[in-house]
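What follows is each chain in one-letter form.
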Amino acid sequence: MVIIQEKLDLVRFNVDKEPHIRVNREACKGCDVKPCVYICPAGLFTLSDGEMLFSYEGCFECGACCITCPRDAIEWNYPRGGYGVCFRAA
Amino acid sequence: MIGKFDAIVVGAGPAGSTAALILARAGLKVILLERGEYPGSKNVSGAALYGTRILHELIPNFWEEAPVERYLTRRVLTFISPQSSFSLDFRTTNFDQPPYNGFTVLRPKFDRWFASKAQEAGALLVPATVADDLIWDGDMVVGVRTRREDGEIYGDVVIAADGVNSLLAKKAGLRRDLDARQVSIGVKEVIALDRKTIEERFNLQGDAGVTYEFAGSVTGQVYGGGFLYTNSDSLSIGIVAKLASLVEKQVKIYELLEEFKSHPSIEPLVRDGVVKEYSAHMVPEAGWRMIPKLYSNGLLVVGDAAAFNLHTGIFSEGMNYAIASAAAAAETVKQAKAKGDFSSRSLSRYRRLLERSFVLQDLKRFKRAPDFVNNPRLQNVYPITICRAAESLFKVEGSPRRKVAKVVLGQLREDNLSLWQVLRDAIDGGRALIW
Amino acid sequence: MKIVVCVKQVPDPNSVDVDPVTGAIDEERLIYVVNPPDRCAVEEAVRIKEWLGEGEVTAITLGPPRAEEALRQCLAIGADRALRLWDKDMESLDALSIALVLAEAIKGMGYDLILCGAESADWGSGQVGAAIAELLGLPQVSVITELKMGPDGRNATVQRKLERGEREVVECPLPAVFTIDASLNEPRYPSLPCYVEALMREIPSIGLQDLGVRRGSLRIETAPKILGISLPRPRPKKVFTPDSKLSAFQRIDAILSGGVVGRKRILIEGSPEKLAERIVRFLAERGIIGY
């Protein structure tokens, strides 16, 4: 079991107040595959009692969640310029 | 509103900075937009920068001032089974003098430096600004709209160097949404290790470096591979896996990375290192088949945005294609500027230049490679078969020895592979990579 | 109205990685930003100017060439001018010396109001604003969370942040020095034209000599030095059990306070000079300072 939070703690995020990704809960509910739970390299999609929990704060802005979502439930955009992930060594 | 520019370059990665640098040197008024706090702050690669000739032409002896980590003199391809590994190890002293064959770099440092060269040449670098949309006049792109108040920027031409997700190419209708079968996702850690330890562990001297590519059970049943590159005083280690395959197998890629790091052949190499950073990025891997339409009226698409990436199992490159494609785009724009014609017809010269350069020639020549690499046997069976065959070949246990062919055929039978199948895959592989 | 804002470029605390063994900071990975309360101070100055319909906002900093970037951020928010002060040996100046250099520069440019961040995110001494006020002979209000200008711009009503969530409202004649708490406002996201103009501006830099500051008046050698940085280590702590003879209310109170015995307090009153003298004597009597 990998604790993804420990990895995210190594990364600098300049978090904007407004989320850049929104999940449509209704569309998400009907999905029984939920690839986002596996695909997100930051582990930002988690299930709690069948309910999708999502946080945008540790997002790498890779875009994988959006293109694998079978229900188009993810409204994806980049954060405002200057905000979001900021790699220093990558 | 801010004044009009000759060229608007969106994205200050290697492609964007190349275009901005060439155009600014030609005396054009260039604005270079970057959505990160600084160029490179959103960028991730392995990162091995090959094909340095073209960069050397732009900035002679760039390695003397650029933040490059190590020049590459050794390249290792390793097949991995859960317990063993089998490597092809190439090294040469021919690559250890200028202009060198390749370097490892760390993108936040390298991209920042490269953008500063474009800036020195006269391009206006505007970081922390995301371009959301194109501005149209009829069917002509005449600018971009940034997500700031009064954020419109007008220009004769827009060069979209906005990366694998290129929202601009999509807005212009040049390409469709990405397909999970066309892209991979890469995760990577930079692990600090002192220079002396790196030199000892990897048998290196001075600033020489090595890249390792791994195939086989690195990624379990998922299609993909691993890599390990040496930097000056750190290692870059990562996994690149097919998006569709991760979805199908329901595997988390960061767990693959941890397993990879603890493999008996890898663990001794990264032991005692301190993880400095974790990162992730998508890679356009489908090659020739996913290349979008490359230009329209007032718009050119370069680098990852145009899916200019070569992934064949032997080669895994992107930055050199980014730089070369952007150079071709810049040449096209220079000429369009001289004629005062930025129509699709005038910009079509971009494609012709690319066809003459290694960019489209390589991608076309290796157009079968992505399918070949996606062969399930190649991904998950052969590497392990190779390791097992080597094991039975080298095992000494007091019983009579068999000759190599016997060993290999026996191993194929054991792994339920027919000779016919193997030959067919070999021919596929040959057509994809060899002839 | 002439408003001068003192700003500092600091490493973003998010980017500071301390080696757990050696306590060393990984300088290569630092990312520099405008000290957050300083940014609020610039924003407030620009808002005052906009509200009055006239005025000039100058952002000044004492910092190396990379600090230009911080000044550009201030220009993008709406400062009219920016000035960078720098000379050799300035890296290790203490708060008082920094204030001395800043005050000298401010003196030369004329002012009606001086704003500073309440404290910096790196060293956090919180002294520079107060020292500037002293050096320029101005009144000072610290850690303000609200600012209302008088209609004629000759005074201001400000709210100060006190401990335990308490607030104090003070009316202060101008010119004065206010130090700003980061809760005062939300700095704007600059418009593209303002931002681009800020990126293109030449930012003047002035050395000590041009400023008329004698090197000897600065504490370059005697400035406090950092001897080491260590992470906090948990100390073993006895579990506290309250005296069973106390009332329920007193026991809850005792548990909440963790059994800390209330500190001894001495209340002294008098003029500022008297108070200062008493404090110094108090500390000297206990051997905490030499006197």
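Residues numbered from 1 in each chain as written. Chains lettered and ligands numbered in written order. Predicted model: local features only at pLDDT ≥ 70, side-chain atom pairs only at ≥ 80, totals over all residues. Heavy atoms only, no water.

Participant: What am I meant to see in the interface of chain C and chain A here?
Facilitator: Reports of interface size often rely on the accessible area that becomes lost once the parts have come together. Between chain C and chain A, the contact holds nine residues from the first and 10 residues from the second. With both chains or domains summed, chain C and chain A bury close to 810 Å², and 41% of this area falls on carbon and sulfur atoms. When the buried area of chain C at its contact with chain A is split by residue, C:Arg29, C:Ile31 and C:Tyr189 rank highest and sum to 62% of it. Put simply, chain C and chain A have three salt bridges between them. C:Asp17 is paired through a salt bridge with A:Arg88; the nearest N and O atoms lie 3.3 Å apart. (Contact = heavy atoms within 4.5 Å. Buried area = accessible area lost by both parts, 1.4 Å probe. Salt bridge = Lys/Arg side-chain N within 4 Å of Asp/Glu carboxyl O.)

Participant: Honestly, the domain arrangement of chain B in this entry has me stumped. Any pointers?
Facilitator: Residue and element names in this part refer to chain B. Each assigned domain of chain B is listed with its residue range as follows: domain 1 (5-67 + 106-176 + 288-366), domain 2 (183-284) and domain 3 (371-434). A straight line from the C-alpha centre of domain 1 to that of domain 3 covers 43 Å. Counting residues at the interface gives seven residues for domain 1 and four residues for domain 3. Of the roughly 380 Å² buried between domain 1 and domain 3 on both sides combined, carbon and sulfur atoms contribute 55%. Across the domain 1-domain 3 interface, the total number found is one salt bridge. Linking Asp371 and Arg289 is a salt bridge whose minimum nitrogen-to-oxygen distance equals 2.7 Å. In this assembly, domain 1 and domain 3 are joined by one residue pair in polar contact (both at pLDDT 80 or more). Its residues assigned to classes, the side of domain 1 that touches domain 3 shows two nonpolar, three polar and two charged. (Domains from an automatic or database assignment. Polar contact = N/O pair within 3.5 Å; in protein donor to acceptor, adjacent residues only side chain to side chain. Nonpolar A, V, L, I, M, F, W, Y, C, P; charged D, E, K, R; others polar.)

Participant: Is there a simple way to explain the sheet that holds strand β7 (residues 140-149) of chain C in this structure?
Facilitator: Two strands in a sheet stick together by hydrogen bonds in their backbones, pointing the same way (parallel) or opposite ways (antiparallel). All names here are of chain C. The mixed open sheet is built from nine strands, whose spatial order is β9-β8-β7-β10-β6-β1-β4-β5-β11. Each edge of the open sheet is held by one strand with a lone partner, namely β9 (167-173) and β11 (205-206). Inspection of the sheet shows strand β8 (residues 155-161) paired to β9 by seven bridges, in the antiparallel sense. Each residue of the ladder has a partner; that of Val158, found in β9, is Val170. Helix α3 (residues 95-109) rests against β1 (2-7), β4 (56-62), β5 (81-85) and β6 (113-117) of the sheet, and its axis sits at about 150° to β4. Helix α4 (residues 128-136) rests against β1, β6, β7 and β10 (177-180) of the sheet, and its axis sits at about 175° to β10. (Pairing = 2+ DSSP bridges. Helix = DSSP H or I, 4+ residues; strand = E, 2+ residues; numbered from the N terminus. Axes fitted to C-alpha atoms, helices over the stretch in contact; angles between N-to-C directions.)

Participant: What's the story with the nonpolar core in this structure? I'm lost.
Facilitator: In a soluble, globular protein the nonpolar side chains are often hidden away together inside. Counting 133 residues, the largest nonpolar core has B:Phe62, B:Val144, B:Phe308, C:Leu115 and C:Phe178 as its most contacted members. Each residue touching C:Phe178, except ones within four places of it in the same chain, is listed here: C:Leu113, C:Ile114, C:Leu115, C:Cys116, C:Val141, C:Ile144, C:Leu147, C:Ala156, C:Val158 and C:Cys172. If you look at the next biggest cluster of nonpolar residues, it comprises 71 residues, including A:Cys59, B:Ile239, B:Phe260 and B:Met282. (Core = buried A, V, L, I, M, F, W, Y, C linked by side-chain atoms within 4.5 Å. Buried < 20%, exposed > 50% of the residue type's maximum accessible area, 1.4 Å probe, protein only.)

Participant: When you look at helix α12 (residues 358-365) of chain B in this model, what are you seeing that I'm missing?
Facilitator: Residues and elements named next belong to chain B. Of the residues making up α12, those classed as buried are Val359, Leu360, Asp362 and Leu363. Around the axis of α12, the buried residues are gathered within 160° of arc, so they sit on the same side. Looking at the buried side of α12, the elements it contacts are β18 (310-311), α9 (319-339) and α11 (349-356). Between the side-chain oxygen at the start of α12 and the backbone nitrogen of Val359 there is a gap of 3.0 Å, and the oxygen is on Ser357. (Arc of directions from axis to C-beta.)

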